[in-house]
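Structural characterization, general
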Amino acid sequence: MKPKMTLKKIASELGLSISTVSKALKDNKDISKENREKVQAFARFYNYRPNSIALSLKNKKTKTIGVIIPEIVHHYFAKVISGIEEVANSKEYNVIIGVTNESYNKETINMEMLVNGSIDGFIISLSKQTLQKKDYSHLQETINQNIPIVMFDRVVDEIPSDKIIINDREAGRMAVQKLIDEGRRKILLLTTKDYLHIGRLRTEGYRDALAANNIPYNEELIVRIGELGDSDEDQKILEDRINKIFEHHPDIDGIFGVNEIYAITALNVARARGIEVPEQISVIGFSDGILSKCARPHLTTISQHGFQMGAIAAKTLINRLEKMDEGEQVNYSTQVVKTELILRDSTLNNMKSEKQTS
């Protein structure tokens, strides 16, 4: 049976300092290639693994980031996580992911579990229930424990933290302006209840575009969608609501959905009613996920650049953690990631490769 190895024993056996061995195990380029390979081969032979718990107690840091997201299957949040992990791994941080499924209780439980000595800081997008309840005490309590938070996408002004967002209002205006530029004048908006501020802001962008083009605002063309999930029953409810709008307004010639599911559902309803897309009606969605690329016709959409948002969030949090270690005070920042209008076949496009940004 092989003897149990420690950092000190490896250093002694190889005639190196403990610091050199530690850096070599992390593949630090400050250590010569020969010594790195020698240390790593020795560690593999003896199945040595650094004691991360002991290191965290010694350093009072876990080198772990907690990421709290509303749902795991959403393509946008998957891209955000990819961006976070790439940056975190490059800085030798680990990532633990908690999913709230849009529940306030699950959000607080996830944070409480991770706060208990497991993580150094959080990256979070708030659940719908949290935004609806407007109870942010769990976030403030976390900050009071000197654990920083970076909020992204769904953020609130009440909590002092770094925030990574897009300009939702301008993105909504850009999407609707595209429809108007095609000559569309009766545009259906599929949006969220107002407590979800990203939907509210995208709705304001819709109104901005109408006003700028002297098109009257018609509340009958606004469908505000509440707590619909992904079940077949919820999908049927959404389809029925869109069908009723078409029955009362058969001359709708444009649709803007503030998320991917809303837009694709409307596209499918229009096609089922025999309406040609984009010849008779144009459709634009939001988030540029897998469904947008696979829809028939392919869906024109606003890209939020989720990978970039996740990378910026991770860089911001790690920078704050490192500055805290050095005793520096860093002012909170709000960073805005540019959005992009990706033109595909659900709109009338003279140039298929055309892109617009905001």
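Here the structure is a predicted model, which means the values were calculated and not measured.

Some words on the environment of Met174
Following the sequence through the fold, Met174 ends up in helix α9 (residues 168-181). Separated by 31 residues in the primary sequence, Met174 and Gly205 have C-alpha atoms spaced 7.7 Å apart.

With respect to the packing of helix α1 (residues 7-14) against helix α2 (residues 18-25)
Taken N-terminus to C-terminus, the directions of α1 and α2 make an angle of 105°; their axes are 9 Å apart at the nearest point. When the interaxial angle is binned, α1 and α2 end up roughly perpendicular. From α1, Leu7, Lys8, Ile10 and Ala11 reach across to α2, where they touch Ile18, Val21, Ser22 and Leu25. For the contact of α1 with α2, the per-class residue count stands at six nonpolar, one polar and one charged.

Structural notes on the pairing of strand β8 (residues 254-257)
Two faces, one strand: in a regular strand the side chains alternate between the faces of the sheet. Because side chains alternate across β8, one face comprises the buried residues Gly254 and Phe256, and the other comprises Ile255 and Gly257, equally buried. In this structure, strand β6 (residues 187-192) lies alongside β8, joined through four bridges in parallel fashion. Bridge pairing in β8 links Leu189 to Phe256. For the handedness criterion, the β-α-β arrangement of β8, helix α12 (residues 260-272) and strand β9 (residues 282-286) is classed as right-handed.

Details of the packing of aromatic side chains
Overall, the coordinates contain six aromatic pairs when judged by the stated rule. Geometrically, the ring pair formed by Phe42 and Tyr46 is tilted, given 4.8 Å between the ring centres and 40° between the ring planes. On the accessibility criterion, Tyr46 (22% relative accessible area) is partly exposed. Taken together, a centroid distance of 4.9 Å and an interplanar angle of 85° make the contact between Phe45 and Tyr46 edge-to-face.

Examining the confidence of the model for the protein
Averaged over all residues, the pLDDT of the protein is 89; the fraction at 70 or higher stands at 92%. Contacts of residues 53-58 to residues separated by more than four positions or lying in other chains number five contacts, the stretch itself having pLDDT below 50.

Some thoughts on the pattern of salt bridges
Inspection of the entire model under this criterion finds 16 salt bridges. We note a salt bridge from Asp208 to Arg169, for which the minimum N-O separation is 2.6 Å. Of the two residues, Asp208 sits in helix α10 (residues 197-212) while Arg169 sits in helix α9, which places them 39 residues apart along the sequence. Between Asp288 and Lys293 there is a salt bridge, with its nearest N and O atoms 3.7 Å apart. Since its relative accessible area comes to 12%, Asp288 is described here as buried. The exposure class assigned to Lys293 is partly exposed, which follows from its relative accessible area of 37%.

Brief notes about the nonpolar core
Generally speaking, nonpolar side chains in soluble globular proteins are found buried as a group. Core analysis: the biggest nonpolar cluster contains 70 residues, and Ile123, Phe152, Leu190, Phe246, Ile255 and Phe256 have the highest contact counts within it. No other element matches helix α14 (residues 306-325), which puts eight residues into this core. Apart from the residues lying within four places of it in its own chain, the contact partners of Ile255 are Leu179, Ile187, Leu188, Leu190, Phe246, Ala266, Ile281, Ser282, Val283 and Ile284. Counting residues in each nonpolar core, the second largest holds 21 residues, with Leu114, Ile147, Ile149 and Ile198 among its members.

Conventions and cut-offs
Residues numbered from 1 in each chain as written. Predicted model: local features only at pLDDT ≥ 70, side-chain atom pairs only at ≥ 80, totals over all residues. Heavy atoms only, no water. Helix = DSSP H or I, 4+ residues; strand = E, 2+ residues; numbered from the N terminus. Axes fitted to C-alpha atoms, helices over the stretch in contact; angles between N-to-C directions. Parallel < 35°, antiparallel > 145°, perpendicular 65-115°, else oblique. Contact = heavy atoms within 4.5 Å. Nonpolar A, V, L, I, M, F, W, Y, C, P; charged D, E, K, R; others polar. Buried < 20%, exposed > 50% of the residue type's maximum accessible area, 1.4 Å probe, protein only. Pairing = 2+ DSSP bridges. Right-handed = clockwise from strand over helix to strand, strands pointing away. Phe/Tyr/Trp six-rings, centres within 6.5 Å; stacked < 30°, edge-to-face > 60°. pLDDT = per-residue confidence, 0-100. Salt bridge = Lys/Arg side-chain N within 4 Å of Asp/Glu carboxyl O. Core = buried A, V, L, I, M, F, W, Y, C linked by side-chain atoms within 4.5 Å.

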